[in-house]
Amino acid sequence: MNTFDWDAVGEALPLLLEGFRVTLLATVLGTLVAAVLGLAIAVAGRAPSRFVTVPVKAVMEFIRSTPLLVQLVGAAAVFTSVEPLTIGIVVLGIHYATYTSEVYRAGIDGVPKGQWEACRALSMSPRRTWQAVILPQAVRNVLPALGNYAISMFKETPFLAVITVQEMVFEARKYGADHFAYTEAFTLAGLVFLVASYPTSLLMRKLEKRLGH
C-alpha cells in the first residue's frame, strides 16, 4: 500500500514555487491585458457606428464560444517564433477581456444619466467626459468583479502547460513523472493554489461590501 511521502513534498516544494512564480507572472500580466483591453472593448461597444460595434461583438462572441485550451493551442501553432509564456499571457488576457468588457459595460451603464447630462451642459468634450467623470465612477464600482476574474484566471493558468509553459502544474507533473510521486506533487500544487486564492477571494468580498455601502 502506498503511503504519502513527506520527503517528496519537501523536495518538490522549491520546484513548485519556481513554477508558482511563472503562474503569478502570467496571472498579473494577463489581468492587466484583460483590464485594459476589456475597457477598450466596452468603450468601443458604445460607438455610434455599426462598423465598429458589429465587428467588436462578433469577435467577442467567437472568443467566448471557443474553449481557452483551443485558443492556446491554436495561438501556439500559429505564432511558433513567440515565447510560449508570452502567448499564454496574451491569450489569457484577450480571453478574459471579453468578460471584463461586460463588467465595465455594467459599470458604465450604472453611472446616473444626470452625470452625462451635466457634462453636456458644461460643454465637456467626450474625451474629458469619459476621463474625468464616467470612467472613475464605473471602474470603482467594478473593482471587486475584476478581482474575481483575476482569481479565475489564476486558477486556469494550468492550461498553459499544454503549450509548454513551465508553470506550477507543469512542474508538479514533471516532478511526479521523474520521481513517481504524482500524489505528493499534485497535492502540494493544490494546496499552493488554495493558500494563494482563498485569502484573495475573501479580500474581494470585503472590498465588494465596502464599495456597496
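So, here's what we can say about the structure. Worth saying up front: this structure is predicted, and the values here are computed from it rather than measured. (Residues numbered from 1 in each chain as written. Predicted model: local features only at pLDDT ≥ 70, side-chain atom pairs only at ≥ 80, totals over all residues. Heavy atoms only, no water.)

### Section: a nonpolar patch on the surface
Side chains of Leu24, Leu25, Val28, Leu29 and Leu32 sit close together on the surface and give an oily, nonpolar patch of about 390 Å² of accessible area. When you line up the elements, Val28 lands in helix H1 (residues 6-44). Of the residues examined, Val28 reaches a relative accessible area of 44% and is grouped as partly exposed. (Patch = residues over 30% accessible without salt bridge, like charges linked within 9 Å, V, L, I, M, F, W, Y side chains within 5 Å. Areas by Shrake-Rupley, 256 points an atom, 1.4 Å probe, with all protein chains shown as cover. Salt bridge = Lys/Arg side-chain N within 4 Å of Asp/Glu carboxyl O. Helix = DSSP H or I, 4+ residues; strand = E, 2+ residues; numbered from the N terminus. Buried < 20%, exposed > 50% of the residue type's maximum accessible area, 1.4 Å probe, protein only.)

### A closer look at the packing of H1 against helix H4 (residues 84-109)
Contact geometry of H1 with H4 gives a least axis separation of 5 Å together with a crossing angle of 45°. On the basis of their axis angle, the class for H1 and H4 is oblique. In this structure, the crossing between H1 and H4 has a hand that is right-handed. The residue makeup of the contact of H1 with H4, split by class, is 19 nonpolar, five polar and one charged. (Axes fitted to C-alpha atoms, helices over the stretch in contact; angles between N-to-C directions. Parallel < 35°, antiparallel > 145°, perpendicular 65-115°, else oblique. Left-handed = near helix turned anticlockwise from the far one by under 90°. Nonpolar A, V, L, I, M, F, W, Y, C, P; charged D, E, K, R; others polar.)

### Details of helix H3 (residues 68-78)
Restricting attention to buried positions, one finds in H3 the residues Leu68, Gln71, Leu72 and Ala75. The buried residues of H3 occupy an angular sector of 100° when projected down its axis, which confines them to one face. Seen from the buried face of H3, the exposed residues on the opposite side, beyond 90 degrees, are Val70 and Ala77. (Arc of directions from axis to C-beta.)

### Digging into the nonpolar core
In this structure, Leu16, Met168 and Tyr175 are the most contacted members of the largest nonpolar core, which totals 16 residues. Looking at this core, the elements that each hand over two or more residues are H1, helix H7 (168-179) and helix H8 (182-212). Met168 has contacts with Leu16, Gly19, Phe20, Thr23, Ala189, Val192 and Phe193, leaving out every residue within four places of it along the chain. Leu68, Tyr96, Leu160 and Val165 belong to the second largest nonpolar core, which has 15 residues in total. (Core = buried A, V, L, I, M, F, W, Y, C linked by side-chain atoms within 4.5 Å. Contact = heavy atoms within 4.5 Å.)

### Quick notes on the packing of aromatic side chains
Per the stated rule, a full pass over the model turns up eight aromatic pairs. When the ring of Phe4 is compared with that of Trp6, the centres are 4.9 Å apart and the planes differ by 65°; the resulting orientation is edge-to-face. Each member of the aromatic cluster is reached from another via a ring pair, and the members are Phe20, Phe154 and Phe193. Over the aromatic face of Tyr99 sits the side chain of Arg64, whose NZ or CZ is 5.7 Å from the ring centroid. (Phe/Tyr/Trp six-rings, centres within 6.5 Å; stacked < 30°, edge-to-face > 60°. Lys NZ or Arg CZ within 6 Å of the ring centre and 35° of its normal.)

Keep in mind these numbers describe shape, not what the thing actually does.
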